[in-house]
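Examination of the molecular architecture
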Amino acid sequence: MLAQGDGEVCGTAIESPMDVVLEFDVVNNKSINSPYFTTPGPVTRHLDGKGYQVTTGIGADMLEGARNALMQMVDLLSHQHNMPPEQAYMLCSVCGDLRISEIVDAPNWVVSFYFPNIVFE
């Protein structure tokens, strides 16, 4: 089984060999500003049956909010599981999900970091 969080936050990632079959449709005479894609079903199959630990970060932009949420999670995991912050940081990169929680109160951007509890079972 493979897993990768939505918020790859450091150089740690999960790599795996796999075979992939892709099908492309060519649309003539259409101009787009950036690539887009469509999926035939769910994008993720999260193992969220045990819930999440969630930290939030608030910042003047989303990047600052994301960094704040991430650092709060690194601190939380380090203390809860008695691990060095570097290990918690790498674990966040492969298991956690960054989610935009609020943009309505700009310039106070809120980003949440979701870490699945099942990882430690």
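Preceding this paragraph is the structure being described.
The present account deals with the structure reproduced in this document. Small disclaimer: the values here were computed from a predicted structure and weren't measured. (Residues numbered from 1 in each chain as written. Predicted model: local features only at pLDDT ≥ 70, side-chain atom pairs only at ≥ 80, totals over all residues. Heavy atoms only, no water.)

1. As for the packing of aromatic side chains
- Scanning the entire structure with this criterion turns up two aromatic pairs.
- Summarising the aromatic geometry, the rings of Tyr 52 and Tyr 114 are spaced 5.5 Å apart at their centres and angled 80 degrees between planes, so their arrangement reads as edge-to-face. Of this pair, Tyr 52 sits in strand β1 (residues 52-59) while Tyr 114 sits in strand β3 (residues 109-116); the two residues are 62 residues apart in sequence, bridging distant segments of the chain.
- Overall, Tyr 52 belongs to the partly exposed group, its relative accessible area being 21%.
- Look at Phe 115 and Phe 120: their rings are 5.7 Å apart centre to centre, the planes differ by 35 degrees, and that puts the pair in the tilted class.
- Between the NZ or CZ atom of Arg 99 and the centre of the ring of Tyr 52, over which it lies, the distance is 5.7 Å.
- Its end group placed over the ring of Tyr 114, Arg 99 keeps NZ or CZ at 4.1 Å from the ring centre. (Phe/Tyr/Trp six-rings, centres within 6.5 Å; stacked < 30°, edge-to-face > 60°. Helix = DSSP H or I, 4+ residues; strand = E, 2+ residues; numbered from the N terminus. Buried < 20%, exposed > 50% of the residue type's maximum accessible area, 1.4 Å probe, protein only. Lys NZ or Arg CZ within 6 Å of the ring centre and 35° of its normal.)

2. Considering unusual backbone geometry
- Positioned with a positive phi, Asn 29 is a non-glycine residue whose angle comes to about 60 degrees.
- Mapped onto the secondary structure, Asn 29 falls in the segment before β1.
- Here Asn 29 falls in the exposed class, since its relative accessible area comes to 85%.
- You will see that Asn 82, though not glycine, has its phi angle at about 50 degrees, which is positive.
- Residue placement: Asn 82 occurs in the loop between α1 (62-81) and α2 (85-95).

3. Structural notes on the nonpolar core
- Residues Met 73, Leu 77, Leu 91, Cys 92, Phe 113 and Phe 115 are the most contacted members of the largest nonpolar core, which totals 13 residues.
- Secondary structure elements with two or more residues in this core: α1, α2 and β3. (Core = buried A, V, L, I, M, F, W, Y, C linked by side-chain atoms within 4.5 Å.)

4. Structural notes on the pairing of β3
- The buried fraction of β3 is high, at seven of eight residues.
- Strand direction decides the pairing type here: β1 and β3, joined by eight bridges, are antiparallel. Bridged to Gly 57 within β3 is Val 111.
- Relative to β3, strand β2 (residues 97-102) runs antiparallel, the two being bridged by five bridges. When the sheet's bridge partners are listed, Asp 97 is paired in β3 with Tyr 114.
- The loop that links β2 with its antiparallel partner β3 comprises six residues. (Pairing = 2+ DSSP bridges.)

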